[in-house]
Amino acid sequence: MSNDTPDRRGLDRRRFLTTAALGGATIVGASALGGLDADAAFAAPMPPLDPAIAKSAFAEGRISQINGSVLEVAGSYGDRHLIQLTNATSVWKLRPTTAADIKVGDGLYARGVDMPDGTIAADAVWVNIVNLYCTVKGIAKDRLHLTHGAQEHAVVGRIVGDTTTASYLGGALTSDLSRVRIGQSAQILGAWRPDDDSIDIARVTVGH
């Protein structure tokens, strides 16, 4: 009698997936779980394309400890997560980068696959990513002064050379911020700076 039953094949495939994920194979990547750019962090979850993955796993919170390639994360609602980085993990921190830029105290949003040992093997990690709807209150050479929310919380948005872009009326991205005006509503996509609570701006969108 053959041992190659459907249940057996499913188990073997899941075992292979686990081994591949922890080994850094590209099976845990954009082709299986979704996009890797900054906008993908805020997109609606999509069903995994790989039939061996029951569903994508998600985690968010502050990084409390880094043990080799494992990030210990304290979630916003008292939960805790262990995020396993692999050679295939995409890391975003204002721009695509590497795990070397991840620090204790950073905020994190991660997407990946639940592993049998309780970790999440991450295919994508977005560090300190924020997506805010603001009002422009002031403009300086290297920053925008913004307010956010009903309480008009003051936020400083830092303009980062070679990184910060703008989109006007849904148009193409440009490095020209000269059309940003005081009083405009703006969507700010960027990376929070824990040290001073400001934001490095990746993109400012006005007129949307």
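Residues numbered from 1 in each chain as written. Predicted model: local features only at pLDDT ≥ 70, side-chain atom pairs only at ≥ 80, totals over all residues. Heavy atoms only, no water.

Trainee: What is the right way to read the environment of Cys-134 from this model?
Mentor: Mapped onto the elements, Cys-134 comes out in strand E8 (residues 129-139). When its relative accessible area of 4% is taken as the criterion, Cys-134 is described as buried. As a C-alpha pair, Cys-134 and Gly-149 span 15 residues in sequence and 7.2 Å in three-dimensional space. Discounting residues that sit within four places of it in the chain, Cys-134 has contacts with Leu-146, Thr-147, His-148, Gln-184, Ser-185, Ala-186 and Ile-188. (Helix = DSSP H or I, 4+ residues; strand = E, 2+ residues; numbered from the N terminus. Buried < 20%, exposed > 50% of the residue type's maximum accessible area, 1.4 Å probe, protein only. Contact = heavy atoms within 4.5 Å.)

Trainee: Sorry, what's going on with the packing of aromatic side chains here?
Mentor: Aromatic ring pairs are defined here through the distance separating the ring centres and the angle between the ring planes. In this structure the tally under the stated criterion is 2 aromatic pairs. Taken together, a centroid distance of 5.8 Å and an interplanar angle of 35° make the contact between Tyr-109 and Trp-126 tilted. Within this pair, whereas Tyr-109 is found in strand E6 (residues 107-114), its partner Trp-126 is found in strand E7 (residues 120-127), the two being separated by 17 residues in sequence. Note on Tyr-109: relative accessible area 24%, which makes it partly exposed. What makes Trp-126 buried here is its relative accessible area of 1%. Three or more aromatic residues joined by ring pairs make a cluster, and in this case those are Phe-58, Tyr-109 and Trp-126. Positioned above the aromatic ring of Tyr-168 is the side chain of Arg-179, whose terminal nitrogen or guanidinium carbon lies 4.1 Å from the ring centre. (Phe/Tyr/Trp six-rings, centres within 6.5 Å; stacked < 30°, edge-to-face > 60°. Lys NZ or Arg CZ within 6 Å of the ring centre and 35° of its normal.)

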